[in-house]
Amino acid sequence: MSCKKWKKKLSSCLDNEVSYRERLKIEKHLKSCQACFNQFKQLDRLHRLVQSIPPEKPGPGFYERLSERLSQKKPILKKKLLGWRYVWQLSFPRVGKIAIAVSAVLLLSVSFYIWRSSISYEVNIKVFEEEYLRSQQMNSFAGELALPAFLEIK
Amino acid sequence: MQYSDEELVERFGAGDEESFKMLVERYQDRVYHIVYGIVGNKEEAEDLSQEVFLRVYRFLHRFKGKSRFYTWLYRLTINVCLSAKRKRKNEPAKIFSLANPSEHGDDPGEIELADESLSPWKILQNREMAEKIKSAINSLSEVLKSTFVLREFEELSYEELARVFQCSRGTIKSRLSRAREQLRRKIEPYLNGAV
Ligand SMILES: [Zn+2]
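Keep in mind that this is a model prediction, so the values were computed, not measured.

**Section: the overall build of chain A**
On a plain count of helices and strands, chain A comes out with six helices and zero strands. Moving toward the C terminus, one meets the helices and strands of chain A in the order α-α-α-α-α-α. Looking at chain A residue by residue over its 154 residues, the buried ones come to 21%. Looking at chain A alone, contacts between residues at least 24 apart form 44% of all its contacts between residues at least 6 apart. Working note: accessible area of chain A is about 12,200 Å², and carbon and sulfur atoms make up 63% of it.

Have a look at this one:
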């Protein structure tokens, strides 16, 4: 195999991304070939130099700046809905969820019952009103009858 | 209590904003470091790192947990960087040259190498070397650069890199080999002395 082909393998050898057998072959070549050995040493030094450069860090308050940008984009309604979903999914244990579901069903049936009975109450009022109006009519009818008599008195 | 990435993702999916904050704080330095390695200047690195997390916020529900969270995050990071570069290529007249970081407001005095016991002359030489390496990295093509940066800065395995770039392990292997060969040629004088 030519040196050009060996040199292509040096980088993955450096990264420990070659099989054990391949590694042995490469090492064997490096022992017998000064040019490839020098190149391997240079690549190794390049790696160590890159590693020695301290990482660049963002300035303080990165998250605060981010959340400001987020709040410009985020629709408030969605956040509220998500909030409720979160409360439901995370805040209650399973037993709690069942309890809430059962009480919701109970609450609904009780409200329905009350609603029904309030309807019949309304019906009663209607009947009462009709009876009241009828009695009023009777009164006015009686008044009409009485009117001439009243005039007569005058 | 320390949540795993995956737990935080799940909690955020259920609407817990605090989990998003924890994810940001866990990864902001690493994302910034990668972005800086690719774009080469602080202002843009800040802006694009924020863009990365804005997209995390918007698209995290698409993350299905088939791979590790950080490979998904790094893929997003690379996408943001490369699409910003593509956009900028269509813009007229670039003001700053990426090959020389000191031209766009980066104070070379801020770069220091780890060993504090070095003499001032050595430190100066190291700073110069760090600058040379950075500008050499900047001169790589976008694809070679981002592969190299993720390998060197984040020490991702070839398998993980293949997942990030959605290509074969062989492609990663050849990209890294080419990137290193180009860098080696560029800074060869610095690679022969003792470090
Ligand atoms: Zn050879």
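**Describing the overall build of chain B**
Looking only at helices and strands, one finds nine helices and zero strands in chain B. The proportion of buried residues among the 195 residues of chain B is 51%. Excluding contacts between residues fewer than 6 apart, the proportion of contacts in chain B whose partners are at least 24 apart in sequence is 59%. Put simply, chain B shows about 9,800 Å² of open surface, and 50% of that area lies on carbon and sulfur atoms.

**What about the interface of chain A and chain B?**
Listed per partner, the contact involves 38 residues of chain A and 54 residues of chain B. Taking both partners together, chain A and chain B bury about 4,400 Å²; carbon and sulfur atoms supply 58% of that area. Three residues, Gln42, Glu56 and Phe62 of chain A, lead the burial of chain A against chain B; their summed loss comes to 16% of the area buried on that side. Our count for the contact surface shared by chain A and chain B stands at seven salt bridges. Put simply, Arg180 of chain B and Asp15 of chain A hold a salt bridge, and the shortest N to O gap is 2.8 Å. Our count for the contact surface shared by chain A and chain B stands at 20 residue pairs in polar contact (both at pLDDT 80 or more). Of all elements in the fold, only α1 (3–14), α3 (34–52), α4 (62–73) and α5 (76–91) of chain A reach the threshold of two or more residues within the side of chain A that touches chain B. For the side of chain A that touches chain B, the leading source of residues is α3 of chain A, giving 10 residues. Grouping the constituent residues of the side of chain A that touches chain B by class yields 16 nonpolar, nine polar and 13 charged.

**Considering the packing of α1 of chain A against helix α2 (residues 20–32) of chain A**
Helices that pack against each other are described as a pair by the angle of their axes relative to one another and the distance between those axes. Residue and element names in this part refer to chain A. Two elements in contact, α1 and α2, have axes whose closest approach is 11 Å; the angle formed by their N-to-C orientations is 125°. Looking at the two axes, α1 sits oblique to α2. The two elements α1 and α2 meet at a crossing, and its hand is left-handed. Contacts from Cys3, Trp6, Lys9, Leu10 and Cys13 of α1 reach α2 at Glu22, Arg23, Lys25, Ile26, His29 and Leu30. When grouped by side-chain class, the residues that make up the contact of α1 with α2 number six nonpolar, one polar and four charged.

**Observations concerning the confidence of the model for chain A**
Residues and elements named next belong to chain A. Considering every residue of chain A, the mean pLDDT works out to 75; 60% of them sit at 70 or more. Averaged over each element, pLDDT in chain A is lowest for α5 (56) and highest for α2 (96). Within the model, pLDDT remains below 50 along residues 138–154, and this stretch shows zero contacts once partners closer than five positions in the same chain are excluded.

**Quick look at the nonpolar core**
Core analysis: the biggest nonpolar cluster contains 77 residues, and Phe20 and Phe53 of chain B have the highest contact counts within it. Setting aside residues up to four positions removed in sequence, Phe20 of chain B forms contacts with Tyr63, Leu66 and Leu70 of chain A together with Phe12, Phe53, Val56 and Tyr57 of chain B.

**With respect to the confidence of the model for chain B**
All names here are of chain B. With 81% of its residues at a pLDDT of at least 70, chain B reaches an overall mean of 83. For chain B, helix α5 (residues 120–138) is the element with the lowest average pLDDT, namely 82, and helix α8 (residues 169–186) is the one with the highest, namely 97. Ignoring residues within four places in sequence, the model shows residues 93–116, a span with pLDDT below 50, making 38 contacts including any to other chains. Interface scoring of the predicted complex returns ipTM 0.78; its pTM is 0.67.

Criteria and cut-off values
- Residues numbered from 1 in each chain as written.
- Chains lettered and ligands numbered in written order.
- Predicted model: local features only at pLDDT ≥ 70, side-chain atom pairs only at ≥ 80, totals over all residues.
- Heavy atoms only, no water.
- Helix = DSSP H or I, 4+ residues; strand = E, 2+ residues; numbered from the N terminus.
- Buried < 20%, exposed > 50% of the residue type's maximum accessible area, 1.4 Å probe, protein only.
- Contact = heavy atoms within 4.5 Å.
- Areas by Shrake-Rupley, 256 points an atom, 1.4 Å probe, with all protein chains shown as cover.
- Buried area = accessible area lost by both parts, 1.4 Å probe.
- Salt bridge = Lys/Arg side-chain N within 4 Å of Asp/Glu carboxyl O.
- Polar contact = N/O pair within 3.5 Å; in protein donor to acceptor, adjacent residues only side chain to side chain.
- Nonpolar A, V, L, I, M, F, W, Y, C, P; charged D, E, K, R; others polar.
- Axes fitted to C-alpha atoms, helices over the stretch in contact; angles between N-to-C directions.
- Parallel < 35°, antiparallel > 145°, perpendicular 65-115°, else oblique.
- Left-handed = near helix turned anticlockwise from the far one by under 90°.
- pLDDT = per-residue confidence, 0-100.
- Core = buried A, V, L, I, M, F, W, Y, C linked by side-chain atoms within 4.5 Å.

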